[in-house]
Amino acid sequence: MILKKLAISLLISTLALAGCGAYVDRKAGKREDMAEENYGPTGQFIDVNGTRVHAHVEGQGPDLILIHGASGSTREFTFRFIDQLKDRYRVIAFDRPGLGWTQRPGNHGGAFNSRAESPQEQAVLLKAAADKLDVRDPIILGHSYGGAVALAWVLKYPNHASALVPVSAASNPWPGGLGPLYGVNSSSIGGVTVVPLITAFAPKNRVEGVVDTIFAPQPTPSGYVNYIGIGLTLRRETLRANAQQVNSLRPHVVGMSKQYKDINIPVEIVHGDADDIVPLDIHSRPLATQIPDANLTILPGIGHMPHHVAEDAVIAAIDRAATRAGLR
């Protein structure tokens, strides 16, 4: 969700710089190289039929899978969240396709990819990686867009996960659109014009301002911006992948929402009532009625990032899920 305001601020520059493609590409390439040098992989690589999947694994105990949201990476969880869980869970955080250090299936040479990976396709890829890590009966936590992937996972593999923890999860269809920039950045034309401009010229203060809106009404945690590696999110291929995935999400949740009644594992939903990005009343309130015996924890005054600003509540939901699943 970082991209909307940032892209709007740079769209006007497209015409002025349209004739400077080679310069833009060089500038974008330098920024990408710097981001990858400064924010390298923290975990291990797993080969899934030729696609490289990045997984950060720490701790001992029942398996707990963490799936990040739009514009994110495993650093969403390694910032400080995993440290609070690794004493009693084996925590496995995955980068989703095209984000962080995980490749997009079938797109290993850097060519433009115009087709988004659905939540179901992402679940298949990450499940295959989890199998190679000998994951058994995991609790699966998905944040924001990652919540849709987690839901797709348990629907496609109903006998695999032991429990589900959707956090601020995109789970149900929303009214209206996402704004024109997601459509532009996910298109072939926008992917080769607007996206390189964002990579090359996005100002640091503007990026930090967008991050602040994502955490609102809470402040961005100290040290988050320097740790998270926003330059990784601003790489051209990552911008394209993120825009394509987000822009194409709605029809997938429309279809999945009709199947939620079939989920028969413990489900602990966590959502802040001040979340303006993935609103509680559109997503998690309905989800709690669609899944039999789901438990919804509403966090008063909390925005879109509970795993950073209300960690205790999210961890308590994980522990309840583990207890309900007989893992503790």
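Residues numbered from 1 in each chain as written. Predicted model: local features only at pLDDT ≥ 70, side-chain atom pairs only at ≥ 80, totals over all residues. Heavy atoms only, no water.

Topic: the overall build of the protein
Along the protein, the regular secondary structure elements total 17 helices and eight strands. The buried share of the protein, taken over its 328 residues, is 56%. Here the contacts in the protein between residues at least 6 apart in sequence split such that 81% fall between residues at least 24 apart. (Helix = DSSP H or I, 4+ residues; strand = E, 2+ residues; numbered from the N terminus. Buried < 20%, exposed > 50% of the residue type's maximum accessible area, 1.4 Å probe, protein only. Contact = heavy atoms within 4.5 Å.)

Brief notes about the pattern of salt bridges
Following the criterion strictly, the structure yields 19 salt bridges and no others. Here Asp25 makes a salt bridge to Arg236, at a shortest N to O gap of 3.4 Å. With Asp25 in helix α3 (residues 21-38) and Arg236 in helix α13 (residues 236-247), this pair connects stretches of sequence that are 211 residues apart. Residue classification places Asp25 among the partly exposed positions, given a relative accessible area of 39%. On the accessibility criterion, Arg236 (16% relative accessible area) is buried. A salt bridge links Asp131 to Lys127; the shortest N-O distance between them is 2.9 Å. Taken together, the positions of Asp131 and Lys127, both in helix α5 (residues 119-132) and four residues apart, correspond to about one turn of that helix. The structure contains a network of salt bridges with shared partners spanning Asp87, Arg88, Asp319 and Arg328. (Salt bridge = Lys/Arg side-chain N within 4 Å of Asp/Glu carboxyl O.)

Considerations on the confidence of the model for the protein
Here the protein averages 90 in pLDDT, and 86% of its residues register 70 or above. Note on residues 10-17: pLDDT under 50 across the span, and 13 contacts to partners over four residues away in sequence or across chains. (pLDDT = per-residue confidence, 0-100.)

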